[in-house]
Amino acid sequence: MPSVGIIGSGMAGLACARHLADAGWSPVVFDKGRGVGGRVATRRLDGDVQFDHGAQYVTARDQGFRSVIANMSKSGAAIRWNVGSGDPRFVGTPGMANLAKYLAKGLDVRQGMTATAVRRSDGRSEIVVDGEVSHYFDRVVVTAPAPQALALLETQETFLSDFADVKYEPCLTLMANLNTEVSEGFSCRSDSDAELAWIANDSSKPGRTGKGCWVAQANAGWSAVNLELDLNSIKTKMLPLLIRELGIAADAVVHSAAHRWRFAKVVQPLGRRFVRNADATIYAGGDWCLGARVEAAWMSGDAIARDILEAP
Ligand SMILES: Cc1cc2nc3c(=O)[nH]c(=O)nc-3n(C[C@H](O)[C@H](O)[C@H](O)COP(=O)(O)OP(=O)(O)OC[C@H]3O[C@@H](n4cnc5c(N)ncnc54)[C@H](O)[C@@H]3O)c2cc1C
């Protein structure tokens, strides 16, 4: 069976690896981070204080992704969050990262390994890790955000001009643990014109036991202007905005931290499920192919796996 190396253990990389593993293949996933999930992330503090500081929830319109979410729900890794109108929203339990952990079960995922180059070499595809160790595969799949994928591949692959136009917006995120009640029934609010475009009472999501955990996301403009500040300065600027919005006293904040998502949300996707080179030995995909949603990332990774399985 051909060997497959996958860069990225976000939803795209895991969807690809899961599909291949379920078909009896043995993909190897490399990720530079400490945990699986990429932008589907949960930051844990002491005890049950935790924050979904990346994706807030998922929706599922695609039949394949719907059945994945249904299976996750059956196993207790996902649950419906009854807020908002439109498509039903689901969250991971006890945190969003559990959606990724569910997909990663039993896979060969190697964390803390940064791919620094991907190239064809002696008829095989080579992933260079940390600038020095080479891993060879028959097929390589890159699921890093488009600009990072481009940096890995650009000298070797002409097809990458296809996605040089993909555009992202950044998102600065604040996590705050409060020791006070905020207005009853506040789950979340969304307003792209407000400096804090999204505010969520994370503790109000189902399946959480922690109390007073809040997440706020700055809007795209505010995030772009403040993107290069250090995390402490970002926190210091965002905290008063949240305090004002929630109408709480400053000393109600017992813990806070900021996170910078440089490639947070795709605003100009590619419009195809993935790209690959002419002989189908190097693939690239992720949310940047179809749009800024977890479901889009999953669809891209799953489509790559199908293509690999169908290749002669
Ligand atoms: C703040 C925020 C809020 C969001 N809210 C929602 C929401 O509510 N609902 C929704 O559906 N979507 C939401 N999204 C979008 C959603 O999170 C993404 O579309 C999706 O998770 C992207 O998955 P991916 O696998 O394509 O990329 P990623 O999750 O970015 O995964 C890529 C992985 O590649 C790894 N990587 C990158 N470069 C290398 C390298 N050189 N070597 C090794 N590993 C590497 C990274 O560490 C990462 O784990 C949100 C995103 C953000 C940032």
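The shown structure was predicted, so the numbers you read here are calculated from the model rather than taken from an experiment. (Residues numbered from 1 in each chain as written. Predicted model: local features only at pLDDT ≥ 70, side-chain atom pairs only at ≥ 80, totals over all residues. Heavy atoms only, no water.)

Visitor: Looking at this model, I keep getting lost on the site of the ligand. Mind explaining?
Guide: Within the structure, the ligand sits among 34 residues, and Asp 31, Arg 39, Tyr 57, Ala 115 and Asp 287 are positioned closest to it. One nitrogen or oxygen atom from the main chain of Lys 32 is found 3.1 Å from a nitrogen atom belonging to the ligand. Note that an oxygen atom of the ligand is positioned 2.8 Å from one of the backbone N or O atoms of Val 294. Bound to the protein, the ligand loses 93% of the 1,000 Å² it would expose on its own. Elements with a minimum of two residues in the shell around the ligand: helix 1 (11-22), strand 16 (253-268) and helix 8 (294-310). Examining the composition of the shell around the ligand, we find that 3 residues originate from one element, strand 16, more than from any other. Each of two domains, domain 1 (4-42 + 58-166 + 269-310) and domain 2 (167-267), supplies a minimum of three residues to the shell around the ligand. (Near = heavy atom within 4 Å. Polar contact = N/O pair within 3.5 Å; in protein donor to acceptor, adjacent residues only side chain to side chain. Areas by Shrake-Rupley, 256 points an atom, 1.4 Å probe, with all protein chains shown as cover. Helix = DSSP H or I, 4+ residues; strand = E, 2+ residues; numbered from the N terminus. Domains from an automatic or database assignment.)

Visitor: Sorry if this is basic, but what is going on with the packing of aromatic side chains here?
Guide: For any pair of aromatic rings, the description rests on two quantities: the centre-to-centre distance and the angle between the ring planes. Inspection of every chain in the model, using the stated rule, returns 7 aromatic pairs. Measuring from centroid to centroid gives 6.0 Å for Phe 30 and Phe 137, while their planes differ by 70°, and the two rings are edge-to-face. In this pair, Phe 30 is assigned in strand 2 (residues 28-30) and Phe 137 in strand 10 (residues 133-137), connecting sequence segments 107 residues apart. Accessibility expressed as a relative area gives 7% for Phe 137, which makes it buried. When the ring of Tyr 168 is compared with that of Phe 263, the centres are 5.4 Å apart and the planes differ by 65°; the resulting orientation is edge-to-face. Residue Tyr 168 is located in strand 12 (residues 167-178), and its partner Phe 263 is located in strand 16; the two are separated by 95 residues in the primary sequence. Accessibility expressed as a relative area gives 15% for Tyr 168, which makes it buried. The rings of Tyr 57, Trp 81 and Trp 198 are connected pair by pair, giving a single aromatic cluster. Cation over ring: Lys 205 sits above Trp 81, and NZ or CZ is 5.2 Å from the ring centre. (Phe/Tyr/Trp six-rings, centres within 6.5 Å; stacked < 30°, edge-to-face > 60°. Buried < 20%, exposed > 50% of the residue type's maximum accessible area, 1.4 Å probe, protein only. Lys NZ or Arg CZ within 6 Å of the ring centre and 35° of its normal.)

Visitor: I would appreciate a short explanation of the pattern of salt bridges in the present structure.
Guide: A pair can form between side chains of opposite charge whenever their charged atoms are brought close. According to the stated counting rule, one finds 15 salt bridges in the structure shown. In this structure, Asp 287 engages Arg 39 in a salt bridge whose closest nitrogen and oxygen atoms are separated by 2.8 Å. Of this pair, Asp 287 sits in helix 7 (residues 287-290) while Arg 39 sits in the loop between strand 2 and strand 3 (43-44); the two residues are 248 residues apart in sequence, bridging distant segments of the chain. In this structure, the salt-bridge partner of Lys 205 is Asp 52, at a minimum N-O distance of 2.9 Å. Here Lys 205, found in the loop between strand 14 (196-201) and strand 15 (213-218), pairs with Asp 52, found in the loop between strand 4 (50-51) and helix 2 (63-75); they are 153 residues apart in sequence, far enough to count as distant. Each of the two residues, Lys 205 as well as Asp 52, counts as buried. (Salt bridge = Lys/Arg side-chain N within 4 Å of Asp/Glu carboxyl O.)

Visitor: I'm lost on the side chain of His 135 in this one. Help?
Guide: In this fold, His 135 is placed in strand 10. Given a relative accessible area of 17%, His 135 falls into the buried group.

Visitor: What am I meant to see in the sheet that holds strand 16 here?
Guide: In any sheet, the strands associate via hydrogen bonds between backbone groups, in a parallel or an antiparallel arrangement. Taken in spatial order, the 5 strands line up as 13-14-15-12-16 in an open sheet, and their pairing is antiparallel. Of all the strands in the sheet, just strand 13 (188-190) and strand 16 have a single pairing partner and so form its edges. When strand polarity is set aside, the average angle formed by the axes of neighbouring strands in this sheet is 15°. Relative to strand 15, strand 14 runs antiparallel, the two sharing 5 bridges. Its bridge partner lying in strand 15, Ile 199 is registered against Ala 216. (Pairing = 2+ DSSP bridges. Axes fitted to C-alpha atoms, helices over the stretch in contact; angles between N-to-C directions.)

Visitor: Even after reading the chapter, I still don't get the nonpolar core, so can you show me in this structure?
Guide: Most often, soluble globular proteins keep nonpolar side chains buried together rather than apart. Counting residues in each nonpolar core, the largest one holds 46 residues, and the members touching the most others are Met 11, Val 58, Phe 65, Met 72, Val 141 and Ile 308. Of all the secondary structure elements, the ones that give two or more residues to this core are strand 1 (4-7), helix 1, helix 2, strand 5 (78-81), strand 6 (89-92), helix 3 (97-104), strand 14 and helix 8. Per-element tally for this core: the top contributor is helix 8, with 8 residues. Those residues in contact with Phe 65 that lie beyond four places of it in its chain are Met 11, Val 58, Thr 59, Ala 60, Val 294, Glu 295 and Trp 298. Ranked by size, the runner-up nonpolar core spans 26 residues in total, among them Phe 137, Ala 144, Leu 152 and Val 166. (Core = buried A, V, L, I, M, F, W, Y, C linked by side-chain atoms within 4.5 Å. Contact = heavy atoms within 4.5 Å.)

Visitor: I would appreciate a short explanation of the domain arrangement of the protein in the present structure.
Guide: Accessible area lost when the parts come together is the quantity often used to give the size of an interface. Per the domain assignment, the segments making up the protein are domain 1 (4-42 + 58-166 + 269-310) and domain 2 (167-267). With centres defined by C-alpha atoms, the gap from domain 1 to domain 2 works out at 27 Å. Of the residues lining the interface, 25 residues belong to domain 1; the matching set on domain 2 comes to 16 residues. The largest per-residue losses of area from domain 1 upon contact with domain 2 belong to Arg 39, Trp 81 and Val 166, which jointly make up 34% of the total buried on that side. Applying the counting rule to domain 1 against domain 2 returns 0 salt bridges. Linking domain 1 with domain 2 are 6 residue pairs in polar contact (both at pLDDT 80 or more), by the criterion used here. The set of elements that each furnish at least two residues to the side of domain 1 that touches domain 2 consists of strand 5, strand 6, helix 4 (146-153) and helix 7. Classifying every residue of the side of domain 1 that touches domain 2 gives 14 nonpolar, 6 polar and 5 charged. (Buried area = accessible area lost by both parts, 1.4 Å probe. Nonpolar A, V, L, I, M, F, W, Y, C, P; charged D, E, K, R; others polar.)

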